[in-house]
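# A look at the structure
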Amino acid sequence: RWKKLLKDFYSKKRDSFDLSKIPDIYDCAKYDLFHSPVLLKLKKKHLASILYISQALADIAVPQEYGIRAENKFSIGQKIGRTLLKKIRDDI
């Protein structure tokens, strides 16, 4: 899971990061801190550091991805909902 996340997060070819993966990194780090005791024995300090940094980055990236003001959130939700409803309709 972590290897795939790293591959998706950083592109060597373009030498760039996909900032949309920051919330995924945060979620994985948080999950592993609570549910992976074996991993904690090996890398607790490293994982805690990843969690702390990814949370700080997610606090910045997530509001921009999903909108800051109510009208932005509504517009983004409307676009996502429209696409999902179209797919459901097409599948029926």
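This text gives an overview of the structure that appears in the document. (Residues numbered from 1 in each chain as written. Predicted model: local features only at pLDDT ≥ 70, side-chain atom pairs only at ≥ 80, totals over all residues. Heavy atoms only, no water.)

## Focus on the packing of aromatic side chains
- Per the counting criterion, the structure on display carries 2 aromatic pairs.
- With a centroid separation of 5.0 Å and 50 degrees between ring planes, the pair formed by F9 and F17 is classed as tilted.
- A residue is classified by how much of its surface remains accessible, and F9, at 15% relative accessible area, is buried.
- Judged by centre distance (4.9 Å) and plane angle (45 degrees), the ring pair of Y10 and F17 falls under tilted.
- Linked through ring pairs, F9, Y10 and F17 together constitute an aromatic cluster. (Phe/Tyr/Trp six-rings, centres within 6.5 Å; stacked < 30°, edge-to-face > 60°. Buried < 20%, exposed > 50% of the residue type's maximum accessible area, 1.4 Å probe, protein only.)

## Quick look at the environment of H46
- Mapped onto the fold, H46 is located in helix 3 (residues 37–66).
- Looking at H46, the relative accessible area reads 51%, which means it is exposed.
- Sequence separation between H46 and A29 is 17 residues; the distance between their C-alpha atoms is 9.9 Å. (Helix = DSSP H or I, 4+ residues; strand = E, 2+ residues; numbered from the N terminus.)

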